[in-house]
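# Analysis of the macromolecular model
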Amino acid sequence: MNLHTGIPSPSWDKSIARLGGHVYQSSLWARFQTELGRGVYYDHGQDWAWLGALRITRGGVRYLYIAYGPVLRGRGSKAAFDSILQAGRELNVDFIRLEPTNNITMKQLRSTGARKAADFQPRWHMVKSLAMSEEELRAQMNATRRNEINAAPKQG
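My aim in this report is to walk through the structure given alongside it, one point at a time. Note that this is a predicted model, so its numbers are computed, not measured. (Residues numbered from 1 in each chain as written. Predicted model: local features only at pLDDT ≥ 70, side-chain atom pairs only at ≥ 80, totals over all residues. Heavy atoms only, no water.)

## Quick notes on the overall build of the chain
Convention followed: Secondary structure is summarised from DSSP: a helix means a run of H or I of at least four residues, a strand means a run of E of at least two, and numbering begins at the N terminus for each. Burial status follows relative accessibility: with a 1.4 Å probe on protein chains alone, a residue under 20% of its type maximum counts as buried, one over 50% as exposed, and anything between as partly exposed. Contacts were defined at the residue level, with two residues in contact if any of their heavy atoms lie within 4.5 Å. The protein chains shown are the only cover counted for residues, whose accessible areas, like all others here, come from Shrake-Rupley with a 1.4 Å probe.
Along its length, the chain carries six helices and six strands. In the chain, the succession of α and β elements from N to C terminus is β-α-α-β-β-β-β-α-β-α-α-α. Its C-alpha atoms give the chain principal-axis dimensions of roughly 50 × 40 × 30 Å. Buried positions account for 33% of the 156 residues belonging to the chain. Contacts in the chain between residues at least 24 apart in sequence constitute 58% of all its contacts with a sequence separation of at least 6. Put simply, the chain shows about 10200 Å² of open surface, and 52% of that area lies on carbon and sulfur atoms.

## Overview of the pairing of strand β4 (residues 62-66)
For clarity, the cut-off: Think of it this way: DSSP has to see at least two bridges between two strands before they count as a pair.
Buried residues dominate β4, accounting for four of its five residues. Looking at chain direction, strand β3 (residues 48-56) and β4 are connected through four bridges and run antiparallel. Counted as the bridge partner of I56 is R62 from β4. Hairpin connection between β3 and β4: a loop of five residues separates the two successive antiparallel strands, and G60 in this loop has a positive phi of roughly 90 degrees.

## What to know about the packing of aromatic side chains
To keep it simple, the criterion reads: Here is the rule: rings of Phe, Tyr and Trp (six-membered ring for Trp) pair when centre to centre is within 6.5 Å. Planes less than 30 degrees apart are stacked, more than 60 are edge-to-face, and the remainder are tilted.
Under the definition given, this model contains five aromatic pairs. Aromatic side chains W12 and Y42 sit 5.0 Å apart centroid to centroid with 65 degrees between the ring planes, which places their arrangement in the edge-to-face category. Residue W12 is located in helix α1 (residues 10-18), and its partner Y42 is located in strand β2 (residues 40-45); the two are separated by 30 residues in the primary sequence. Assessed through its relative accessible area of 5%, W12 is described here as buried. When the centroid spacing of 5.3 Å and the interplanar angle of 35 degrees are considered together, the rings of W29 and F32 count as tilted. Residue W29 and its partner F32 are located together in helix α2 (residues 27-35), separated by three residues, close to a single helical turn. A residue is classified by how much of its surface remains accessible, and W29, at 18% relative accessible area, is buried. Among the residues examined, F32 registers a relative accessible area of 42% and is labelled partly exposed.

The analysis is restricted to geometry; functional conclusions fall outside its scope.
Below is the structure:
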């Protein structure tokens, strides 16, 4: 394992895309997590990669959160899970939260000692072009959504 910290190089995103990964495994997501003050860690191999953020709860519980990861292809699961577990030990976390999205079976997850937990990230997404003007976007929304957006600044 070769645990890296910080924001990955631009070539990272090409590797994630090649493996069928999600934006939550990208360097942009790493930058966002860093801006929130979270430590970002990642590792990769030929057929796998993962990127996670160190989170600390108000109660002081430390965990490594790997949103929509790890990503892997073929037989990369053992090496990926070994890397993640080693990272957890090095970071002295209380637990690791994974949300794999591709080619990882429950059997593979259970073999690592993982247990099912409630999802953090939504399973369904809406893709909407933001190339149009704000007025055009608002015109396509229902009245309730427009009212929520209009009220947001007033609510802080």
